[in-house]
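Chain by chain, the residues run as shown.
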Amino acid sequence: MDIQVKQRPPAATVISLPIKGMSCASCVGRVETELRKVEGVGEVAVNLATERADIRSTELLDRGLLVEAIEKAGYSVPEATIELAIEGMTCASCVGRVERALKAVPGVTAATVNLATERASVRGSMGSETLVAAVVGAGYNARPIDQSGVDADATETRKDAEKAGLKRDLTIAAVLTLPLFVIEMGAHFIPGVHQFVANKIGMQVSWYIQFVLASLVLFGPGLRFFTQGIPSLLRGAPDMNSLVVLGTSAAWGYSVIATFFSGVLPSGTANIYYETAAVIITLILLGRFLEARAKGRTSQAIKRLVGLQARTARVRRDGQSVDIAIGEVQPGDLVEVRPGERIPVDGDVVEGKSYIDESMITGEPIPVAKAPGSPVVGGTVNQKGALVVTATAVGGATVLSQIIRMVEQAQGSKLPIQTLVDKVTLWFVPAVIGAAFLTFLTWLFFGPSPALTFALVNAVAVLIIACPCAMGLATPTSIMVGTGRGAEMGVLFRKGEALQILKDARVAAVDKTGTLTDGRPALTDLVIAEGFERDEVLARIAAVEAKSEHPIARAIVEAAEADSLMLPAITNFESITGFGVAAEIEGVVVEIGADRYMDKLGLDIVPFAEAASRLGDEGKTPLYAAIDGKLAAIIAVADPIKEGTPEAIAALHALGLKVAMITGDNQRTAKAIARKLGIDEVVAEVLPEGKVEAVKALKAEHGKLAFVGDGINDAPALAEADVGIAIGTGTDIAIEAADVVLMSGSLKGVPNAIALSQGTIRNIKQNLFWAFAYNTALIPVAAGILYPAFGMLLAPVFAAGAMALSSVFVLGNALRLRHFRVPMAVDDRPHQRVDVAQAK
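Residue indices follow the written sequence of each chain, beginning from 1 at its first position. For a predicted model such as this one, the threshold for reporting local features is a pLDDT of at least 70, and the threshold for listing and counting side-chain atom pairs is 80 or more; totals across whole chains, interfaces and linings nevertheless cover every residue. As a convention, hydrogens and water are excluded, and side-chain values are obtained from all of the structure's heavy atoms.

### Let's talk about the overall build of the chain
For the chain, the helix and strand inventory stands at 30 helices and 30 strands. The classification of residues rests on relative accessible area computed with a 1.4 Å probe and restricted to protein chains. Under 20% of the type maximum is buried, over 50% is exposed, and intermediate values are partly exposed. When the 840 residues of the chain are sorted by exposure, 51% land in the buried category. By definition, residues are in contact when any of their heavy atoms lie within 4.5 Å. Considering only intrachain contacts with a sequence separation of at least 6, the fraction spanning at least 24 residues in the chain is 69%. Residue burial considers only the protein chains on display, and all accessible areas are found by Shrake-Rupley using a 1.4 Å probe. On the chain, roughly 37,600 Å² of surface is accessible, and the fraction owed to carbon and sulfur atoms is 58%. Strands here are runs of E lasting at least two residues and helices are runs of H or I lasting at least four, both read from the DSSP assignment and numbered beginning at the N terminus.

### Things to note about the side chain of T380
Structurally, T380 can be placed in the loop between β14 (375-376) and β15 (381-382). By the criterion applied in these results, polar contacts are pairs of N or O atoms within 3.5 Å in which, for protein atoms, one can donate a hydrogen and the other can accept it, and in which residues neighboring in sequence qualify only through two side-chain atoms. At 2.5 Å, the side chain of T380 forms a polar contact with the backbone oxygen of V377.

### Describing the packing of aromatic side chains
Only centres within 6.5 Å qualify two rings of Phe, Tyr or Trp (six-membered ring in Trp) as a pair; their planes then separate them into stacked at under 30 degrees, edge-to-face at over 60, and tilted for everything else. Scanning the model with the defined rule gives 12 aromatic pairs in all. Their ring planes at 85 degrees and their centres at 5.2 Å tell us that F211 and F260 sit as a pair that is edge-to-face. Here F211, found in helix α7 (residues 203-219), pairs with F260, found in helix α9 (residues 240-260); they are 49 residues apart in sequence, far enough to count as distant. Take F211: its relative accessible area is 24%, and that puts it in the partly exposed class. For F260, a relative accessible area of 40% translates into the label partly exposed. A ring pair is formed by W443 and F454, whose centres lie 5.5 Å apart and whose planes are at 20 degrees; its orientation type is stacked.

### A short note on the UniProt feature "transmembrane region" (unreviewed entry) in the chain
Within this structure's numbering, the places UniProt gives as "transmembrane region" (unreviewed entry) are residues 170-190, 205-223, 243-265, 271-290, 424-446, 452-475, 768-787 and 793-815. For residues 768-787, helix accounts for 85% and strand for 0%, while the C-alpha atoms at its two ends are 28 Å apart. UniProt positions are given in the numbering used here, feature names are shortened, and annotations may be inferred rather than shown by experiment.

### Comments concerning the sheet that holds strand β16 (residues 387-393)
One bridge is not enough; two strands pair if DSSP finds at least two bridges between them. The antiparallel open sheet is built from six strands, whose spatial order is β9-β8-β10-β16-β11-β14. Single-partner strands in this sheet number two, and they are β9 (320-325) and β14. Relative to β16, strand β10 (residues 334-337) is paired through four bridges, and the arrangement is antiparallel. Residue pairing in the sheet places E336 in a bridge with V388 of β16.

### Points about the pairing of strand β12 (residues 354-357)
Residues in a regular strand project their side chains so that they alternate between the two faces of the sheet. Only one face of β12 is buried: it carries S354 and I356, and the other face, with Y355 and D357, is open. Bridging between β12 and strand β13 (residues 368-370) involves three bridges; their strand directions are antiparallel. Across the sheet, residue I356 finds its bridge partner in β13, namely V368. Here two bridges tie β12 to β15, and the two strands are oriented antiparallel to one another. Directly across from I356, in β15, lies its bridge partner N382.

### Looking at the packing of α9 against helix α15 (residues 451-465)
Relative to each other, α9 and α15 sit at 155 degrees, their axes nearing to 8 Å. Taken together, the axes of α9 and α15 are roughly antiparallel relative to one another. At the point where α9 passes α15, the crossing takes the left-handed sense. Across from L243, V244, L246, G247, A250, A251 and Y254 in α9, the residues of α15 making contact are L452, T453, L456, V460, L463 and I464. As a working rule, the residues Ala, Val, Leu, Ile, Met, Phe, Trp, Tyr, Cys and Pro are called nonpolar, Asp, Glu, Lys and Arg charged, and the rest polar, with Gly in that last group. Tallied by class, residues from the contact of α9 with α15 come to 11 nonpolar, two polar and no charged. What counts as an axis is a line fitted to C-alpha atoms, over the stretch in contact for a helix, and the angles between N-to-C directions run from 0 to 180 degrees. For classification purposes, angles smaller than 35 degrees are called roughly parallel, those larger than 145 roughly antiparallel, those between 65 and 115 roughly perpendicular, and all remaining angles oblique. With the far helix as reference, a near helix turned anticlockwise by less than a right angle produces a left-handed crossing, and one turned clockwise produces a right-handed crossing.

### Quick notes on the environment of L17
The residue L17 is located in strand β1 (residues 13-18) in this model. Sequence separation between L17 and P78 is 61 residues, and the spatial gap between their C-alpha atoms is 8.9 Å. Residue contacts for L17: discarding those within four places in its chain leaves E51, R52, A53, I55, R63, L66 and I70.

### Notes on helix α8 (residues 223-234)
One fewer than the residue count of a helix, multiplied by 1.5 Å, yields its expected span. With 12 residues, α8 ought to run about 16 Å at 1.5 Å a step, and its terminal C-alpha atoms sit 17 Å apart, in line with that. Of all the residues in α8, the buried ones are F225, F226, G229 and S232. Down the axis of α8, the buried side of the element spans an arc of 150 degrees, and every buried residue falls inside it. Of the residues one or two after α8, G236 is the one with positive phi, at around 75 degrees. Working definition: the arc comes from the directions between the helix axis and the C-beta atoms, pointing outward to the latter.

### Focus on a nonpolar patch on the surface
On the surface, I201, V205, Y208, I209, I257, F260, F261 and V264 cluster together to form a nonpolar patch covering roughly 680 Å² of accessible area. The set of elements that each furnish at least two residues to the nonpolar patch consists of α7 and α9. The element contributing the most residues to the nonpolar patch is α7, with three residues. What makes a patch is a set of residues exposed beyond 30% relative accessible area and free of salt bridges, joined within 9 Å when like-charged and within 5 Å when nonpolar (Val, Leu, Ile, Met, Phe, Trp, Tyr). Salt bridges are counted wherever a side-chain nitrogen of Lys or Arg sits within 4 Å of a carboxyl oxygen of Asp or Glu.

### A look at the pairing of β16
Taking burial as the measure, the seven residues of β16 include five buried ones, the bulk of the element. Inspection of the sheet shows strand β11 (residues 346-351) paired to β16 by five bridges, in the antiparallel sense. Each residue of the ladder has a partner; that of G347, found in β16, is A391.

### With respect to the environment of W252
Position of W252 among the secondary structure elements: in helix α9. Spatially, the C-alpha atoms of W252 and F211 are 8.3 Å apart, while their sequence positions differ by 41 residues. Once you skip the residues sitting within four places of it in the chain, W252 turns out to touch F211, A214, S215, L218, F219, Y274 and A277.

### Remarks on the pattern of salt bridges
Using the criterion set out here, one finds 21 salt bridges in the structure. A salt bridge links R224 to D169, with the nearest nitrogen and oxygen atoms 2.8 Å apart. One end of the pair, R224, is in helix α8; the other, D169, is in helix α5 (residues 152-189), with 55 residues separating them in the sequence. Among the residues examined, D169 registers a relative accessible area of 10% and is labelled buried.

Structure, rendered in structure tokens:
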């Protein structure tokens, strides 16, 4: 009886593409028609609301053909950025090969690969499956990275496993290499060892023992180099592993021939180099292990930021409070936060009062009071009170997640300085193999006897010493540590290029309102006449001004409230147009206004002439208060300068920058502030659209320019500047247009960012000098250039040690940035807005 087995149809795959430009149902129809014409396409569903096309097929579709079909219909597929985790890269040449493979994928417009972070950032209109396939085709492994950051633990686990594997292999290799080294090299250091081995073991038996030990090292712990290096050689794209394989295989293979087939070698050349092959493997494993440990330390800033994220949240659902994973929290959920807990998500307080430690966001050490209506940020720490928060942003949309993403993007970016390294490393490994081959032939035909031995040893030394690990790590490790240190300082580099460009800034252009100043009027001066009490005068003035809607009046009232003054009741309030306001308090008349109002009242303001002159020099307009027909006080309300601003400008001058202020204020006020702060140049009375022109003019006059701003009207100027620096307390639009974000509202972050840029680029240059100078100097030494004059040769064992040391040195130098000391500590405390001068 025939039994027919029904075959399952192949599983359908769905490709989802964003589409830009659709406006109506006919657009949807045109796109669907063109997509159905692509061979292999099954079902097509285009959604106008989501502006996406879902294409279903049982065949493997070419994403590029789908994009072409959409473009043929008259629409476009916007570019997206895909992050990939790359496994298997060991040196700079690996980076070049992965980049070339990714850039060859249709639809890719840019690809950046980072050896230190082991990540690739690819921009274009392609799918992650295609990119992964391209990386695998180049000989490496890849997987898409979840942008929400939930796979951080998996990445950390993988790296820990890799480090543990290296430690295990290093231990095994060291245990097997030690007796091998003692047997062969002991005779060079301890008299009598050679005779002991010859008499007790026998030289031939000794060679057999060394063969076994070296083979175990090479094809045990050293197998990792062969599994990666040989495929690279066969693809015609050799990497660092290929150099190790060629060097150790040459030493081991020659020794095997000398041990078992010595008759085929010329007389006097039957020497063994088992210890060379084993020690090279052991030393390179040691270098790899030290690299892995150092790389772990370079990413500590990201680990600390990720550690600030809450893992669970207590949410009210269906009348009950339940603990759920942070990834399950939805916008609009009511989240309970108990004392001492981290705020799990961004939101607004709806119940309770407490103080929140927001230092991880703002750098401010003083906890901030929170009450219903107050915003809270995920990752900050609740103090003593219990709160209920409505979730407004969850997952990847929270401020902390955005900070982590900014730091990761900056760490994975490629600076212009890296371009030279990329060009060199693409041909470096093949050039080294060529140099080793040339070294072998030179010694074989022109070297002293035994020529074959000299040729082999020196060629192996060239192969081993020239591994380009240090070149590949020189730039990205410094970027990782530098940007991580910046994040700890509250300086976020949104674009890695800013890290290099900022150090060349010659002028810092600063917006005034909200950047140099607090951005809101405040009572800055209150000088009391003889015979009056400060608190009583301020309370009466505030009580009258409380009836006015003018921003100046509001500032006076806030100053009284800040001093916890009780405002007395008033009657007969009157606003005198062009002069001021007046009212009665318990039968006493209180009159407040400009100098012309005092003249109208017949009051002499000469006693306050000195104070009025000072306020005028500071660009402030004074007001006067009269109580019961007597001149009582002179008042000034202004947008106060932020605490720390003078020191920040002095620090910028110390770094060699000129400081310019761009403001819409009148010339007198602007110049007064500039004099007080020591600002070099003032561009005043500028309309919002004129800021871009002002930035262009300053760039033409001074050179590279950094613009610091915080408002929506600053966004064009931030984009026009060579480096845009946004005050983090500003608007989202300004932050999006900036290259650098200062999480604190303090201008102190600007000299810190510039100093960090200078320190990081200096560190990179040190690393690159070491990496290139090392290879340039030691490859000829390994080839034997010193032998004719000094009789000196570099043994392959020492070449391996030097190669491992170079990478460790570069990593160690980069790690010094973890202890970078900022020029200015950003620890501003909320400052008193009222500067009271008593006049007797």
